[in-house]
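# Topology and contacts: notes
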Amino acid sequence: MDTDPVVQIDNMKTESAERQSSRLHRLATNAERYAASVFILPTVLALLFLSVFPLIASLYVSLARFDIAKGGFKLTFIGLDNYKKLFLGTDQTHFLGAFAPSTPTSQILFGAVVIALAIFLARYLLIARVSIGGLIGRILLTLVLAALTWMFAHTLWNSGRLGSVSVTLVYVFVGIFFQYILGLSMAMLTVQRLPGRRFFRVVFLLPMMITPVGVAYMFRMLTDTSKGPFTPVWQALGLINFSWVNNAWGARTAILIADIWQWTPFMFIVLVAALESQPIEPLEAATVDGANSWQIFRHITWPAIMPVSMTLILIRMIEAFKIVDLPNIMTNGGPGTATESLTLQAFINWRALDIGASAAVAYILLFLVTFFSMIFVNLIRQRAVQAL
């Protein structure tokens, strides 16, 4: 029996509509599939342009010599000569320091650290689950820490002189230690129900609101023993003829005090938030059970704020490696190069148009920041979180 032409036309229209709907559905599915990539592509390109490309370009610059040429400049590839100059050449005493002959004290210190590192590596091989990446990382950690210990043992005492690497490490670890201790102490005080605690919370934050350049000029004025506002105090202490800048450790101490004064509020405000966010029930239960203040802090408060503290120290450590304002303005890196950080050394090389050496110092600084950050995250923060 013949089919009605009208029905055939309707069926054809229906099939066409279904095919068109299926085609639109496929297009919509493909668009949804590629939408995430399309929207994230500008961000990826911006990161590549602003971060990855300069990193690769600076790596090439660190392997080249910068020269002024007609119409501009030229870069001549010289391999590892810039790094060789820092470690073995004319800039060795500036970069690594002046090494003193070995003494019994330096030998004992270096030997004790080597033994501790050997025990650390042996425990990993005997107890932990060994992996290729973990073994390579721990061997690298052992070698670098042993080299840094040897460098400190032969430049810190006797006729040795610290280089910019050692000075930077002193700024970072001594500064962070006191910043955390002072920040935690002030945070513990201001979370108590004491009169005026809100006022002191605001006062404690004031140093962080001042620019680093302003802090540097302020402490340069305060440490002036002949014309500064504290001249009567220095005179009473017998320091009227003493100059912080003329003494290596005096200048480093002044810079450390300024850095601690500026960045302790950062530790303080984050630790206040961590202390106030911990639950009150365990504290009340411990008080009812007769625990004293130290026991409450050790077994309840400290474990509660430990993850925040470790993250806080990590952030501050990464930032502290870049210190440049304080030594540049307070002492101009002096006396000699006694207070130069790695960032300041890179800046001075760049200002002298030794662009290759500046890039080499910057890359070594990048290695140190990455190295110590990975140590902190893998060996300290991870264990702290697992212990909770």
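Everything below is about the structure shown above.
Below is a summary of the structure that appears in this document. Quick caveat: nothing in here was measured; it's all calculated off a predicted structure. (Residues numbered from 1 in each chain as written. Predicted model: local features only at pLDDT ≥ 70, side-chain atom pairs only at ≥ 80, totals over all residues. Heavy atoms only, no water.)

Turning our eyes to something else, we now look at the overall build of the protein chain. Helix and strand content of the protein chain: 15 helices and four strands. Counting every position in the protein chain, which comprises 388 residues, the buried fraction comes to 35%. For the protein chain, contacts bridging at least 24 residues in sequence account for 68% of all contacts bridging at least 6. Of the roughly 23400 Å² of accessible surface on the protein chain, 68% is carried by carbon and sulfur atoms. (Helix = DSSP H or I, 4+ residues; strand = E, 2+ residues; numbered from the N terminus. Buried < 20%, exposed > 50% of the residue type's maximum accessible area, 1.4 Å probe, protein only. Contact = heavy atoms within 4.5 Å. Areas by Shrake-Rupley, 256 points an atom, 1.4 Å probe, with all protein chains shown as cover.)

Relative to the elements of secondary structure, Ser159 occurs in the loop between α5 (132-155) and β4 (161-162). It is 7.7 Å that separates the C-alpha atoms of Ser159 and Phe99, two residues lying 60 residues apart in sequence. Not counting residues within four places of it along the chain, the set of residues in contact with Ser159 comprises Ala100 and Pro101.

Right, let's get into the pairing of strand β1 (residues 64-69). The side chains of a regular strand alternate between the sheet's two faces. Pairing of β1 with strand β2 (residues 72-77) involves six bridges; the strand directions are antiparallel. By the bridge assignment, Ala64 is partnered in β2 with Phe77. Taking the residues that link successive antiparallel strands as the turn, the β1-β2 hairpin has two residues, and the phi of Gly71 there is positive, at about 85°. (Pairing = 2+ DSSP bridges.)

Here we come to the nonpolar core. Counting 48 residues, the largest nonpolar core has Val165, Met317, Phe321 and Phe372 as its most contacted members. Contributions of two or more residues to this core are made by α2 (81-87), α5, α6 (164-190), α10 (248-277), α12 (293-320), α14 (342-351) and α15 (355-386). Looking at which element gives the most residues to this core, the answer is α15, with twelve residues. Residues contacting Val165, with those up to four places away along its chain left out, are Phe95, Leu96, Met151, Leu342 and Leu368. Val167, Val170, Tyr171 and Ile323 belong to the second-largest nonpolar core, a separate cluster that totals 17 residues. (Core = buried A, V, L, I, M, F, W, Y, C linked by side-chain atoms within 4.5 Å.)

A few words now on α10. Over its 30 residues, α10 runs 43 Å from end to end, which matches the ideal 44 Å to within 8%, given 1.5 Å per residue. At Trp263, α10 is bent by approximately 35°, the largest bend along its length, and proline Pro265 sits one to four residues beyond. Sitting at the head of α10, Asn247 places a side-chain oxygen 3.1 Å from the backbone nitrogen of Trp249. (Expected span 1.5 Å × (residues − 1). Bend = angle between axes of the 7 residues up to and from the residue. Polar contact = N/O pair within 3.5 Å; in protein donor to acceptor, adjacent residues only side chain to side chain.)

In this section: the pattern of salt bridges. Applying the stated rule across the entire model yields five salt bridges. Asp354 is the partner of Lys85 in a salt bridge, and the nearest nitrogen-oxygen pair spans 3.1 Å. Of this pair, Lys85 sits in helix α2 while Asp354 sits in the loop between α14 and α15, placing them 269 residues apart in sequence. In this structure Lys85 comes out as partly exposed when scored by relative accessible area, which is 23%. (Salt bridge = Lys/Arg side-chain N within 4 Å of Asp/Glu carboxyl O.)

Considering all chains together, one arrives at 19 aromatic pairs under this definition. A ring pair is formed by Phe199 and Phe200, whose centres lie 5.4 Å apart and whose planes are at 75°; its orientation type is edge-to-face. Its relative accessible area of 38% is what places Phe200 among the partly exposed residues. With a centroid separation of 5.4 Å and 90° between ring planes, the pair formed by Phe204 and Phe268 is classed as edge-to-face. Of this pair, Phe204 sits in helix α7 (residues 197-209) while Phe268 is found in helix α10, placing the two residues 64 residues apart along the sequence. Members of the aromatic cluster, each reached through a chain of ring pairs, are Phe173, Phe321, Phe367, Phe371 and Phe372. Its end group placed over the ring of Tyr124, Arg138 keeps NZ or CZ at 4.1 Å from the ring centre. (Phe/Tyr/Trp six-rings, centres within 6.5 Å; stacked < 30°, edge-to-face > 60°. Lys NZ or Arg CZ within 6 Å of the ring centre and 35° of its normal.)

Looking along the chain, the bond that leaves Gly334 and enters Pro335 is cis, with omega of 0°. Locating Pro335 in the fold gives a position in the loop between α13 (325-330) and α14. If you check the backbone angles, Asn332 has positive phi at about 55° while not being a glycine. Turning to its location among the elements, Asn332 is positioned in the loop between α13 and α14.

Glancing now at α5. Turn by turn, an α-helix covers 3.6 residues, leaving residues three or four places apart pointing in a common direction. Between its first and last C-alpha, α5 extends 35 Å over 24 residues, near the 34 Å set by a 1.5 Å rise per residue. Among the residues of α5, Gly134, Leu141, Thr142, Val144, Ala146, Leu148, Thr149, Met151, Ala153, His154 and Thr155 are the ones counted as buried.

A cluster of nonpolar side chains, contributed by Ile40, Leu41, Val44, Leu45, Leu48, Val52, Leu55, Ile56 and Leu366, occupies part of the molecular surface with about 750 Å² of accessible area. The dominant element in the nonpolar patch, judged by the number of residues it contributes, is helix α1 (residues 5-62), at eight residues. As for its placement among the helices and strands, Val44 is situated in helix α1. Residue class for Val44 comes out partly exposed when judged on its relative accessible area of 35%. (Patch = residues over 30% accessible without salt bridge, like charges linked within 9 Å, V, L, I, M, F, W, Y side chains within 5 Å.)

It is at 10 Å that the axes of α10 and α12 come closest, and there the two elements cross at 140°. Judged by the sense of rotation from one axis to the other, the crossing of α10 with α12 is right-handed. Across the interface between the two elements, Asp259, Trp263, Phe266, Met267, Val270, Leu271, Ala274 and Leu275 of α10 pack against Thr301, Ile305, Val308, Ser309, Leu312, Ile315 and Arg316 of α12. Here the residues of the contact of α10 with α12 sort into eleven nonpolar, two polar and two charged. (Axes fitted to C-alpha atoms, helices over the stretch in contact; angles between N-to-C directions. Left-handed = near helix turned anticlockwise from the far one by under 90°. Nonpolar A, V, L, I, M, F, W, Y, C, P; charged D, E, K, R; others polar.)

Turning our attention to the packing of α5 against α6. Here α5 crosses α6 at 100°, and the two axes come no closer than 11 Å. Between α5 and α6, the angle is such that the two are roughly perpendicular. Between α5 and α6, the residues in contact are Leu148, Met151, Phe152 and Thr155 and Val165, Ser166, Leu169 and Val170, respectively. When the residues that make up the contact of α5 with α6 are grouped by side-chain class, the tally is six nonpolar, two polar and no charged. (Parallel < 35°, antiparallel > 145°, perpendicular 65-115°, else oblique.)

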